[in-house]
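Each chain, letter by letter, is given below.
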Amino acid sequence: MGHEVRYRVRGGRRLHGTVFVQGAKNAVLPMIGASLMASRGRTVLRNVPIIEDVRRAVELARAVGAKAELHETERTLVIDASSLSSPVLPGEIASRFRGSFLFVPALLHRLGEAVIEGVGGCNLGSRNLDFHYNGFKRMGATVTEHVADNGDGIIHIKAGDLRGGTLYCDTPSHTGTENLIMAAALAHGTTLIKNAALEPEVLDNIAILQAMGAKISGGGTGFITVEGVDELTAVEHTVMPDRIDAGVFVMAAAITGGDLNLVGATLEHLGVAADKLEQMGVEFHQQGAVLQVRRERTLRPINVITDEYPGFATDLQSPIMALSCLAEGPSYIYERIFDGRFKLADELRKMGADIEVDGNRAKVNGPRGLRGAEVQAHDLRCGSALVLAGLAAEGETTITSAYYLDRGHAHTAERLSQLGADIVREAD
Ligand SMILES: CC(=O)N[C@H]1[C@@H](OP(=O)(O)OP(=O)(O)OC[C@H]2O[C@@H](n3ccc(=O)[nH]c3=O)[C@H](O)[C@@H]2O)O[C@H](CO)[C@@H](O)[C@@H]1O
Ligand SMILES: C=C(OP(=O)(O)O)C(=O)O
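Per an unreviewed UniProt entry, the chain goes by the name UDP-N-acetylglucosamine 1-carboxyvinyltransferase and belongs to Actinomadura physcomitrii. Looking at the Function (unreviewed entry) heading of the UniProt record, one finds this comment for the chain: "Cell wall formation. Adds enolpyruvyl to UDP-N-acetylglucosamine."

Along a regular strand, successive side chains alternate from one face of the sheet to the other. Judged from the 4 bridges that link them, strand 20 (residues 355-358) and strand 21 (residues 361-365) form a sheet pairing that is antiparallel. Bridged to Ile355 within strand 21 is Val364. Two successive antiparallel strands, strand 20 and strand 21, enclose a turn made up of 2 residues, where Gly359 displays a positive phi of approximately 60 degrees.

An order of 18-19-21-20 is seen for the 4 strands of this open sheet, with the pairing classed as mixed. Two strands close off the open sheet at either side, each with one partner strand: strand 18 (303-305) and strand 20. Strand-to-strand twist across the sheet, computed as the mean angle between neighbouring axes with direction ignored, equals 10 degrees.

The assigned domain composition of the chain is domain 1 (5-22 + 241-427) and domain 2 (25-238). Measuring from the centre of the C-alpha atoms in domain 1 to the corresponding centre in domain 2 gives 30 Å. Residue-level contacts link 24 residues of domain 1 with 25 residues of domain 2. Here domain 1 meets domain 2 over a buried area of about 2,100 Å², counting both sides, of which 50% is carbon and sulfur. Counting the surface domain 1 buries against domain 2, the share from its top three residues, Tyr309, Tyr403 and Arg407, is 31%.

Evaluation of the coordinates by the stated rule reveals 1 aromatic pair. Geometrically, the ring pair formed by Phe101 and Tyr133 is edge-to-face, given 5.5 Å between the ring centres and 80 degrees between the ring planes. Here Tyr133 lies in helix 5 (residues 130-138) and Phe101 lies in the loop between helix 3 (91-94) and helix 4 (104-111), a separation of 32 residues in the sequence. When sorted by exposure, Phe101 lands in the same class as Tyr133, which is buried. Seen from the ring of Tyr334, Arg361 lies directly overhead, with NZ or CZ sitting 3.9 Å from the centre.

Bringing the site of ligand 1 into the picture now. Near ligand 1 there are 19 residues, and of these Asp130, Ser173, Thr175, Asp315 and Ile337 occur at the shortest range. The separation between an oxygen atom of ligand 1 and a polar side-chain atom of Arg127 is 3.0 Å. Asp130 places a side-chain nitrogen or oxygen 2.7 Å from a nitrogen atom of ligand 1. About the coverage of ligand 1: the protein hides 88% of its 730 Å² of free accessible area. In terms of residue count, the dominant contributor to the shell around ligand 1 is helix 5 (3 residues). Looking at side-chain class alone, the shell around ligand 1 contains 4 nonpolar, 9 polar and 6 charged residues. Both domain 1 (5-22 + 241-427) and domain 2 (25-238) contribute no fewer than three residues apiece to the shell around ligand 1.

On to the site of ligand 2, then. If you check the shell around ligand 2, you find Lys25, Asp53, Arg98, Gly121, Cys122, Leu124, Arg127, Asp315, Arg341, Leu380, Arg381 and Arg407 and nothing else. One of the side-chain N or O atoms of Lys25 is found 2.7 Å from an oxygen atom in ligand 2. Contact distances for ligand 2 include 3.2 Å between an oxygen atom and a side-chain N or O atom of Asp315. Of the residues that constitute the shell around ligand 2, the class distribution is 3 nonpolar, 1 polar and 8 charged. No fewer than three residues from each of domain 1 (5-22 + 241-427) and domain 2 (25-238) sit in the shell around ligand 2.

With 13 residues, helix 12 (residues 380-392) extends 19 Å from end C-alpha to end C-alpha; this agrees with the ideal 18 Å at 1.5 Å per step. Within helix 12, 12 of the 13 residues are buried, which leaves the element mostly enclosed by the surrounding structure. Residues of helix 12 that are buried: Leu380, Arg381, Cys382, Gly383, Ser384, Ala385, Leu386, Val387, Leu388, Ala389, Gly390 and Leu391. One side-chain oxygen at the N-terminal end of helix 12 lies 3.1 Å from the backbone nitrogen of Arg381; it belongs to Asp379.

On to the sheet that holds strand 4 (residues 67-71). The mixed open sheet is built from 4 strands, whose spatial order is 4-5-3-14. Only two strands of the sheet have a single partner each, and these edge strands are strand 4 and strand 14 (236-238). Going from strand to strand, the sheet's axes swing by 15 degrees on average, the running direction of each strand aside. Docked against the sheet, helix 1 (residues 25-35) engages strand 3 (42-46), strand 5 (76-80) and strand 14, running at close to 170 degrees with respect to strand 3. On the sheet, helix 2 (residues 52-63) packs against strand 4 and strand 5 and is oriented at approximately 155 degrees with respect to strand 4.

The rules behind the values
- Residues numbered from 1 in each chain as written.
- Chains lettered and ligands numbered in written order.
- Predicted model: local features only at pLDDT ≥ 70, side-chain atom pairs only at ≥ 80, totals over all residues.
- Heavy atoms only, no water.
- UniProt positions renumbered as here; feature names shortened; annotations may be inferred.
- Pairing = 2+ DSSP bridges.
- Helix = DSSP H or I, 4+ residues; strand = E, 2+ residues; numbered from the N terminus.
- Axes fitted to C-alpha atoms, helices over the stretch in contact; angles between N-to-C directions.
- Domains from an automatic or database assignment.
- Contact = heavy atoms within 4.5 Å.
- Buried area = accessible area lost by both parts, 1.4 Å probe.
- Phe/Tyr/Trp six-rings, centres within 6.5 Å; stacked < 30°, edge-to-face > 60°.
- Buried < 20%, exposed > 50% of the residue type's maximum accessible area, 1.4 Å probe, protein only.
- Lys NZ or Arg CZ within 6 Å of the ring centre and 35° of its normal.
- Near = heavy atom within 4 Å.
- Polar contact = N/O pair within 3.5 Å; in protein donor to acceptor, adjacent residues only side chain to side chain.
- Areas by Shrake-Rupley, 256 points an atom, 1.4 Å probe, with all protein chains shown as cover.
- Nonpolar A, V, L, I, M, F, W, Y, C, P; charged D, E, K, R; others polar.
- Expected span 1.5 Å × (residues − 1).

What follows is the structure, encoded as structure tokens:
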């Protein structure tokens, strides 16, 4: 991981002011994969979040031979993929983020094969990739696995000419849908993807692929049809705002009893999470591209069931667990997407929370006054939830292993400090 990152938060300050929502991590990563499919020209991505996953994606793009320049101040990424040279996704980079697997379709089309030395992402229990592999196989690819000298499993996918077919996801997988769309975009013939994901980031990826020349219809319906084309061209595209980043700032206002203007946030993108937060006592007012949010009333307890979009996003489940610690009564959380996303409960207990966990269900017995403690970010959203808890806690909270937080949120300490929080980031 390179270096240890910690955040120190001293709680008790009410947040107030204006904050810019970053570009979406889960939109930009597949877009970087898509940009590698353009055999000519330079792709320009704007509103790129300056997060660790993007830095890793840039390293990975360079490792397969693309020229990639991340202009951090301008939040702009320029990629020239005219000459890809290696089908290998090296383990030391690829195993540090989930989005690495979104490079596979480009490698299959441009180089005829992809060698995957590792796939990363947060450890949230089982995170299978069978929908991706089965889809690639149905299109004519062969998938083999062998064990390297160091004991690591290496996946080798070979594709002669991929051809369209009828594909499906058993459940509407986010990256699964994106990978199958990208594989179909340059395949021979027509592909139907059944049970496709409906997430806004999937639709933003369809938009960039269409601008590149792909023929895709049915986005947002669950049935996506892709007619293969011979070539995709490089384009310029602005990445959509990050709805999870927006949701965390909504909860930062809620947990501190504050009021914020979120520039770039769209209430609709929050799906059911917006309704749940309203039920808890958060007030929203959408004014064009600015979402005003405040919480003055006592926090009410809540029932949450995570689901694919537009259901309650699993990536907001940890943050709302932190928020429900302060609610006046018991809250119930049922995590349906991932089977290992409750390590946060142990950390919140160190801060005084009362949380009962039974499998994928949790009961949060509020209200409990939180107190500062040393806690560990076990994954990205565990990290953002602990920052929220720290904002509300008495005394100082130290969050260790916070590289995870930096994977997905840009300039966390700076943005929260501007709103009045007492938070610093330390790295050694
Ligand atoms: C980079 C990125 O976009 N990450 C997001 C993406 O992850 P990711 O795309 O990995 O999540 P999926 O939607 O694929 O996974 C959801 C569920 O489906 C299962 N599954 C998935 C694929 C597969 O081939 N087989 C299978 O069984 C997984 O084990 C998991 O239980 O969507 C998740 C769910 O919204 C978010 O939490 C992640 O932030
Ligand atoms: C699970 C997440 O990301 P990833 O799929 O990149 O691990 C997340 O964003 O919370």
